[in-house]
Protein chains: 2
Amino acid sequence: MGGQQQNFSSWLTERAQHAETVLERFLPEAGLQPERLHQAMRYAVLGAGKRVRAALVYAAGEASVGSGGVLSPAQCIALDHAAAAVELIHAYSLVHDDLPCMDDDALRRGRPTVHVQFDEATAMLAGDALQPLAFELLAQMPIAPALIVQATEVLARAAGSLGMAGGQAIDCASVGLALSQEQLQIMHGMKTGAMLQASVVLGGIVAGASSPTRTALESYAEAVGLAFQVVDDILDVTSDTSVLGKTAGKDAADNKPTFVSLLGLEGSRELLVVLRQEAQTALLPLGQAAGRLLEVADFIVGRDR
Amino acid sequence: MGGQQQNFSSWLTERAQHAETVLERFLPEAGLQPERLHQAMRYAVLGAGKRVRAALVYAAGEASVGSGGVLSPAQCIALDHAAAAVELIHAYSLVHDDLPCMDDDALRRGRPTVHVQFDEATAMLAGDALQPLAFELLAQMPIAPALIVQATEVLARAAGSLGMAGGQAIDCASVGLALSQEQLQIMHGMKTGAMLQASVVLGGIVAGASSPTRTALESYAEAVGLAFQVVDDILDVTSDTSVLGKTAGKDAADNKPTFVSLLGLEGSRELLVVLRQEAQTALLPLGQAAGRLLEVADFIVGRDR
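Structural notes, computed from the coordinates. (Residues numbered from 1 in each chain as written. Chains lettered and ligands numbered in written order. Predicted model: local features only at pLDDT ≥ 70, side-chain atom pairs only at ≥ 80, totals over all residues. Heavy atoms only, no water.)

Overview of the interface of chain B and chain A
Put simply, the rule reads: Any two residues having at least one pair of non-hydrogen atoms within 4.5 Å are treated as being in contact. Buried area: the sum, over both parts, of the accessible surface (1.4 Å probe) that disappears when the two are put together. Between Lys or Arg on one side and Asp or Glu on the other, a salt bridge is scored when a side-chain nitrogen of the former is within 4 Å of a carboxyl oxygen of the latter. Polar contacts here mean pairs of N or O atoms no more than 3.5 Å apart (in protein, one a potential hydrogen donor and the other a potential acceptor; neighbouring residues in sequence count only if both atoms are side-chain atoms). Numbering goes from the N terminus for both helices and strands, where a helix is a DSSP run of H or I of at least four residues and a strand is a run of E of at least two. Basically, the charged four are Asp, Glu, Lys and Arg, the nonpolar ten are Ala, Val, Leu, Ile, Met, Phe, Trp, Tyr, Cys and Pro, and anything else, Gly included, counts as polar.
In this assembly, 43 residues from chain B lie in contact with 43 residues from chain A. Where chain B abuts chain A, roughly 3,300 Å² becomes buried across the two surfaces, and 75% of that area is made up of carbon and sulfur atoms. At the junction of chain B with chain A, the criterion picks out 2 salt bridges. The shortest N-O distance in the salt bridge between Glu136(B) and Arg157(A) comes to 3.6 Å. Counting across the interface, chain B meets chain A through 8 residue pairs in polar contact (both at pLDDT 80 or more). Breaking the side of chain B that touches chain A down by element, the ones donating at least two residues are α2 (35-45), α4 (73-98), α6 (120-139), α7 (145-159) and α8 (164-173) of chain B. Residue contributions to the side of chain B that touches chain A peak at 11 residues, all from α6(B). Looking at the side of chain B that touches chain A, its residues break down into 28 nonpolar, 10 polar and 5 charged.

Details of the pattern of salt bridges
Stated precisely, the cut-off is as follows: Relative accessibility under 20% of the residue-type maximum defines a buried residue, over 50% an exposed one, and the middle range a partly exposed one, all with a 1.4 Å probe and only protein chains included.
Tallying each qualifying case throughout the model produces 26 salt bridges over all chains. With a closest N to O distance of 2.6 Å, Lys191(A) and Asp171(A) form a salt bridge. Of the two residues, Lys191(A) sits in helix α9 (residues 181-206) while Asp171(A) sits in helix α8 (residues 164-173), which places them 20 residues apart along the sequence. Of the residues examined, Lys191(A) reaches a relative accessible area of 19% and is grouped as buried. A relative accessible area of 2% places Asp171(A) in the buried class. A salt bridge links Arg292(B) to Glu295(B); its shortest N-O distance comes to 2.8 Å. In this pair, Arg292(B) and Glu295(B) are both assigned in helix α14 (residues 291-302), 3 residues apart and thus about one turn of the helix distant. Owing to a relative accessible area of 0%, Arg292(B) belongs among the buried residues under this scheme. In this structure, a network of salt bridges that share partners links the residues Glu20(A), Arg51(A) and Glu87(A).

If you want it as structure tokens, here you go:
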């Protein structure tokens, strides 16, 4: 998994490449029938993406075995499955989010979106098929079935109507509305935060985290999930489309409430500092073992795309 | 669960009503945020539907404990979860299937489809949120975690790109094409058959079916799944929209290959007789305990809507 001595940037690159290899292996081959669907699924998932969610799974796994602890080979494989599962759910949500009936976006990660590259029906079905593949991967983890069941429940809740899909629904319904900071936080806590939190908790479950460790991971993940969205909103205003890899300024054009429209750029940056502090405080009980998780938080806060 | 002495019609009605009650309880309340999404999820699932898949789960559960065997209270609860899970997956697939980018259908079960009653974005998200709810319900079954993991894998495969979603993709791609009977069977085996088969297998898993029993259940389910589609194709030609509750004659209008377009009405009816016989033969090893399953097969073959 790479020890603490490895610097963060090379660790993150190595984990992202590893996640890519794992996803490549778990996705149905492009030549397998139905070919067009499988090609769309692979297009939606592979070759792009920062793999932040996968990194959170791995970092939480490392944090949960404690300082000096070592993950078993089975736990490493299970972390691969969990990391792939959260990336698949994330990828499916982007495919559906980009469809004409939702955000109607033509560009994602610097490439044509799935419905532009293929067609709307294929994009919808690719998303529909990525979701059960995530649950299949969890079911195939080589760890205690009781842990698999816990992981399944965590992922299902995070993806569902009280998590990601629900946040998306609130987001759709809030176009043109003036939301309070609390409403905006609830929406993003569901839309983006729930799956980031699930990534962290899944890493903990797979690595056999104790109950206090899981609680610490959840608090950390809540702060990081919100920070992620605040950064997204800032970048939507301050970045070029070419750097961002998706259409910049789209939220403002769509009249969507964002942290920047609510708090301004300075206020949003101040909120980030507070959230970064919350994430750090949450991890204190885990000591040195949580080093990578804190570095991931810093990466999320400091990213420029 | 109702004994073998209860006649089939009243058993089916009772099971369908029971499944409705169970679904009503498992679905998020309509007043819970995000309300519109939850209302759409409930609209998509409740108040209609023949609950054939739920009936298959229950009948397979009865068949798997053997003659004179009794399901434990925990197994009965687990069967409720499994029955609800397959109905949720089925309901989500109908919602997405009816969307403008797919079949673009305005009528389903005699009512406006979800995107007509609500809107396209809400319909898509309702489908997206019903899917993880199904996996959450499996994770919450009060049975051995190892059985839950098996059930999760079965449902995930049946819903995925080599099952229902894949069959849907082939169906979309085959409009206007002349498929062979084999190609048509493969497509429907994935699109409709996979989930019917999963319903039967889930009932077996929950009730602790032995390996030979599971094999028998799978053969039975394969025949029944195909029979179901053949009947659908016959009804599309022979029924009125008012009886069918969905737009009759739509497949022909859409230039979709069907068993009737391939084999004619008589040929399709002959195929049904063969499939009914296959289902019966598959169940022979299970003896009396499989009585309900055979009755469900007869119901599927004989239904008029």
